[in-house]
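Listed below are the residues making up each chain.
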Amino acid sequence: MLRFIAIRLVQSAVLVLIVLTITFFLLHLAPGDPMARYFHPDISPETVQMIKERLGLDKPLIEQYFRWIGSFIRGDFGVSLAYNVPVRSLLADAIPNTLRLTIAALLLHIVIGVALGIVSAARRYSFFDRFSTVAALFIYSIPSFWLGLMLILLFSLKLGVLPSSHMQSIGAEQLSGIALFADRIRHLVLPAFVLGIASAASIARYMRGSMLDVLREDYIRTARAKGLPEGAVFLKHALKNAAIPIVTIIGLSLPFLLGGAVVVEKIFSWPGMGRLTVDAIYARDYPVVLAVNFVVAFMVISGNLLADIGYALLDPRITLTRRGAGR
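Residues numbered from 1 in each chain as written. Predicted model: local features only at pLDDT ≥ 70, side-chain atom pairs only at ≥ 80, totals over all residues. Heavy atoms only, no water.

For the protein, the count of helices and strands is 12 helices and 0 strands. For the protein, the succession of helices and strands along the chain, N to C, is α-α-α-α-α-α-α-α-α-α-α-α. Overall size of the protein, expressed as C-alpha extent along the three principal axes, is 85 × 55 × 40 Å. Each of the 327 residues in the protein was classed as buried or not, and the buried ones make up 41%. Partitioning the intrachain contacts of the protein with sequence separation of at least 6 by distance along the chain shows that 73% fall at a separation of at least 24. Counting only carbon and sulfur atoms, one obtains 69% of the accessible surface of the protein, whose full area is about 18,200 Å². When the 31 positive and 20 negative side-chain charges of the protein are each reduced to one mean point, those points stand 12 Å apart. (Helix = DSSP H or I, 4+ residues; strand = E, 2+ residues; numbered from the N terminus. Buried < 20%, exposed > 50% of the residue type's maximum accessible area, 1.4 Å probe, protein only. Contact = heavy atoms within 4.5 Å. Areas by Shrake-Rupley, 256 points an atom, 1.4 Å probe, with all protein chains shown as cover. Lys, Arg positive; Asp, Glu negative; His and termini not counted. Charge placed at Lys NZ, Arg CZ, Asp CG, Glu CD.)

Below is the structure:
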C-alpha cells in the first residue's frame, strides 16, 4: 500500500504541475490587462510602469512562468494584484469557509443519497421507489443557481426562517459559543442543501442499482434461507458489497462539489474560495487564480486517492498494487 501511495503522490504532483501550467498560460493569453485598474488620469505612466516592474509583469511570459514556478515550489504564492496582500492570507481566510460548506454538502450528499438508495432498493417498484426516481431526476436536472434563488425567496423572504447570505449574522462575534454555532449553522443550511442535494439524487440512483445487483447474489439467498432478519441481510451482507462502487463515485463527486461551490458561494455571498476565484478572474488577479487552482487540484486528487484506498479496504480481494499497475 505504501508503494502505491508513493506512486500516486508522484503522479499527483505531475498532474498538478500540468494543471497549473495550462492555467498560467490560458490566463495570460486571455484578453485584458491586470494593470487596467491603474489607467487613470491622476496616475502617471511612469508610476504605472514602476508598479508593473515591481509585480514582474514587464518580463517575458516564459520568464514570468519560471519565476512563478520557482516561488511556488518555495511555498510563496505571491501577492494579490487586486488586494495587494499576500495570497497566502487570502487563502487562509477562504479555505476553511469552503471546506465547511463542502464537507456539510458531502455529508448531506452521502447520508441522503445512500439512505434513499437503500430504501428504494428494499421497496423496489413500489410507489416510494417510483416517486423517489422521478424526484431524483427532477432535482438532478435543476440548475443550482435557480434552486438557490428559489430557496432564498421561500425560506428567507417569504417565511423568514433562514438567512439568505453570508456565513454569520452581523455582530455575531458578540454571541456566546453555542449561540454563535447555531447562527452559523442557520447560515449553512441553504447553501449546503443546494450544493449537496443534486449529488445526493445521483448517489441514490447509483446506490439503488448497486443494491439490486447485490441482492441477486447467491450469498444473499443463503442468508435469507438461514432465517436472518431482512434488516440484517441489507445492512450486514448487502450494504458492504454494494458500497464498493459508491465509494469511488463519492470520491469522484468531490470535483463537482468544489465546482458547484463557485456558483453557490456567489449566490449566498459565502466568503470562500469560489467567491474569491470569481472576483479574481474578473480582476485578472493571476496569483490568486493560480493558487486557488492548486488548492482545488490538491483536494480533488486527495479525494480520489482516499477513494482508491477505501475501495481496497472494503474489498480485501482487491490489492492497490494491482489496481495501480493496471492503469
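Here we come to the side chain of glutamate 265. Relative to the helices and strands, glutamate 265 is located in helix 9 (residues 230–267). At 7.5 Å, arginine 275 is the nearest oppositely charged side chain to glutamate 265, a buried residue that forms no salt bridge. With sequence-adjacent residues up to four places away left out, glutamate 265 is seen in contact with Thr98, Leu101, Trp270, Gly272, Met273, Gly274 and Arg275. (Salt bridge = Lys/Arg side-chain N within 4 Å of Asp/Glu carboxyl O.)

As a further point, take helix 3 (residues 61–73). The terminal C-alpha atoms of helix 3 lie 18 Å apart, and with 13 residues this matches the ideal 18 Å at 1.5 Å per residue to within 8%. Along helix 3, the residues that are buried comprise Gln64, Tyr65, Trp68, Ile69, Ser71 and Phe72. Across the axial projection of helix 3, the buried residues extend over an arc of 165 degrees, all falling on one side. Across from the buried face of helix 3, at angles greater than 90 degrees, the exposed residues are Phe66 and Ile73. Glycine 75, located one to two residues past helix 3, shows a positive phi value of around 90 degrees. (Expected span 1.5 Å × (residues − 1). Arc of directions from axis to C-beta.)

The next subject is a nonpolar patch on the surface. Together, Phe145, Trp146, Leu149, Met150, Leu153, Leu157 and Val263 give the surface a local cluster of nonpolar side chains, amounting to about 640 Å² of exposed area. The greatest single-element share of the nonpolar patch, amounting to 6 residues, is contributed by helix 6 (residues 144–158). In this fold, phenylalanine 145 is placed in helix 6. (Patch = residues over 30% accessible without salt bridge, like charges linked within 9 Å, V, L, I, M, F, W, Y side chains within 5 Å.)

Where charged atoms from two side chains of opposite charge approach closely, those side chains can pair. Following the criterion strictly, the structure yields 4 salt bridges and no others. Here aspartate 129 makes a salt bridge to arginine 208, at a shortest N to O gap of 2.8 Å. In this pair, aspartate 129 sits in helix 5 (residues 127–141) while arginine 208 sits in helix 7 (residues 177–215), placing the two residues 79 residues apart along the sequence. Each member of the pair, aspartate 129 as well as arginine 208, is classed as buried. A salt bridge links aspartate 279 to lysine 266, with the nearest nitrogen and oxygen atoms 2.9 Å apart. Of this pair, aspartate 279 sits in helix 10 (residues 273–282) while lysine 266 sits in helix 9, and the two are 13 residues apart along the sequence. Judged by relative accessible area, aspartate 279 falls into the partly exposed class, the value being 27%.

Attention now moves to the packing of aromatic side chains. Taken as a whole and judged by the stated rule, the model has 10 aromatic pairs. Taken together, a centroid distance of 5.9 Å and an interplanar angle of 45 degrees make the contact between phenylalanine 77 and phenylalanine 294 tilted. Of this pair, phenylalanine 77 sits in the loop between helix 3 and helix 4 (87–122) while phenylalanine 294 sits in helix 11 (residues 286–314), and the two are 217 residues apart along the sequence. The class for phenylalanine 77 is buried, based on a relative accessible area of 14%. Residue phenylalanine 294 is classed as partly exposed on the basis of its relative accessible area of 23%. For the pair phenylalanine 127 and phenylalanine 131, a centre-to-centre distance of 6.1 Å together with 20 degrees between the ring planes defines the contact as stacked. With a gap of 4 residues between them, phenylalanine 127 and phenylalanine 131 both fall in helix 5, about one helical turn apart. Overall, the relative accessible area of 51% leaves phenylalanine 131 in the exposed class. By way of ring pairs, the aromatic residues Phe24, Phe25, Tyr65, Phe66, Trp68, Phe72, Phe77 and Phe294 are connected into one cluster. (Phe/Tyr/Trp six-rings, centres within 6.5 Å; stacked < 30°, edge-to-face > 60°.)

Here the focus is the environment of aspartate 58. Along the chain, aspartate 58 turns up in the loop between helix 2 (45–55) and helix 3. Residue contacts for aspartate 58: discarding those within four places in its chain leaves Gln49, Lys52 and Glu53.

With that settled, the discussion passes to unusual backbone geometry. Both trends apply: most residues other than glycine have a negative phi, and most peptide bonds are in trans. One non-glycine residue, asparagine 84, lies in positive phi territory at about 55 degrees. One can find asparagine 84 in the loop between helix 3 and helix 4. For asparagine 84, a relative accessible area of 52% puts it in the exposed group. Although it is not a glycine, serine 269 sits at a positive phi angle of roughly 50 degrees.

These results come straight from atomic positions and should not be treated as a statement about function.
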